[in-house]
Amino acid sequence: MIRAGVVGASGLAGGDLIRLITHHPGLELTFLGGSSRIGRRPAELHPGLRLDLGLTVEPVTEDIADRVDVVFLATPAPVSAELAALLADRVPAVIDLSGAFRIRTPHLHDRWYPKVRRRADLADRFVYGVPELVGDRLADAPLISLPGCYATAITLGLAPLTLGLGLDLKTVVVDGKSGSSGGGLQLRTADLHPFRSGAIAPYAPTGHRHAAEVGDFLTRDGAGTIGSLTMSAYGVSHVRGLLTSSYVFPAEDAGPLGQRELHRAYLRYFKDHPFVRVRRHTETLIPVPDPQAVLGSNFCDVTVLRDEEDDSGRIVVLAALDNLVKGAAGQAVQAANIRFGLPQETGLTMQPVMPA
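Being a predicted model, the structure only gives us computed values, none of them experimental.

> Which residues make up the nonpolar core, and what values go with them?
Nonpolar side chains tend toward joint burial in soluble globular proteins. Among the nonpolar cores identified, the biggest contains 78 residues, and Leu 17, Phe 72, Ile 95 and Leu 97 are the most heavily contacted of them. With 9 residues, the top contributor of residues to this core is helix H7 (residues 149–164). Setting aside anything within four residues of it in sequence, one finds Leu 97 in contact with Ala 13, Leu 17, Phe 72, Leu 73, Ala 74, Arg 102, Leu 146, Ala 328, Ala 329 and Ala 332. The next biggest cluster of nonpolar side chains, apart from the first, holds 27 residues, and it includes Val 7, Ile 103, Leu 122 and Ala 212.

Structural data, given as structure tokens:
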């Protein structure tokens, strides 16, 4: 069994990690770490988990290296930066769910994460990316930085265009809508029920750091290029789930791309990736992708549409996922599976819960 530790065990992503690991046939939960809930059991922290694992939340020290083979950091970015420095080269695999090491380019990191001081040598060593796009690099990687939930959806949506078809994209404009769990458990006035219920709140209407993250990754790894990628983000009254709508304007020399050609390109690109479901917009009783149709699962549903009425060649890419599973804990377990040579779907075959 692969011994696993979860740091940030009292948070939402930490709770989902505990849930997934306890049902995983190849992982054994051997350590829970934190700072504000020392001595608490998982069942006390997460009402849905009535488990007696014989574990309580403990402080994190370098001694945990004797108890774990992989540690998941479900902690705020400044904390992850400190813990990575403590645990790197002591624990065989450190998987960070925060933004501490997502953006490799130093000046971009400083712009979007000005309060996160990280070791430059560690930033260069972390492997970043969605498992579907960089799976071969995750094998035996000692340090893994997972994308943000929005970044996962955006990157999966754009990858067949840039990495697959090698298109040069002149402009990409992203509209993102996410449920309240995307903000974690911090208490903010805007997240109180009287304000959040029924809301469509433009909390980042002119920019979001996940967009910078996507641009940083695809600029380094893309066969095609992206001239400009901007994003507006909105909070909606759902608890789980997010939807990204990417409005893509290819460069003028990209050539004509019809609906059938685009759909087939996406099917080809993801044919060996079970967690990305390429869907036709009208294939079900409700239009998809819809976050409701993926809740509780590790799936990302993707639809590509050619706007036949727009002479600019506009392509609309829709992507939906559960921000706490495929956008966080599920993707972390998927990365761990690849890292330790297990089939990537191990422990993650649960189907979505709908209606939720």
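Picking up where we left off.
> Give a detailed account of the sheet that holds strand E12 (residues 276–278), specifying residues and quantitative values.
Here we have 7 strands laid out as an open sheet, ordered E9-E10-E8-E11-E14-E13-E12, and mixed in their pairing. Of all strands in the sheet, those with a lone pairing partner are strand E9 (200–204) and E12, marking the two edges. For this sheet, the mean angle separating the axes of adjacent strands, direction not counted, is 20°.

> Which residues make up the pattern of salt bridges, and what values go with them?
Evaluated as defined, the whole model comprises 18 salt bridges. Arg 67 is the salt-bridge partner of Glu 58, the closest N and O atoms lying 2.9 Å from each other. Overall, the relative accessible area of 31% leaves Arg 67 in the partly exposed class. Two residues, Arg 279 and Asp 301, come together in a salt bridge whose shortest N-O distance is 2.9 Å. Of this pair, Arg 279 sits in the loop between E12 and strand E13 (300–306) while Asp 301 sits in strand E13, and the two are 22 residues apart along the sequence. Shared partners join several salt bridges into a network, and the residues in it are Asp 16, Arg 19, Arg 240 and Asp 322.

What counts, and at which threshold
Residues numbered from 1 in each chain as written. Predicted model: local features only at pLDDT ≥ 70, side-chain atom pairs only at ≥ 80, totals over all residues. Heavy atoms only, no water. Core = buried A, V, L, I, M, F, W, Y, C linked by side-chain atoms within 4.5 Å. Buried < 20%, exposed > 50% of the residue type's maximum accessible area, 1.4 Å probe, protein only. Helix = DSSP H or I, 4+ residues; strand = E, 2+ residues; numbered from the N terminus. Contact = heavy atoms within 4.5 Å. Pairing = 2+ DSSP bridges. Axes fitted to C-alpha atoms, helices over the stretch in contact; angles between N-to-C directions. Salt bridge = Lys/Arg side-chain N within 4 Å of Asp/Glu carboxyl O.

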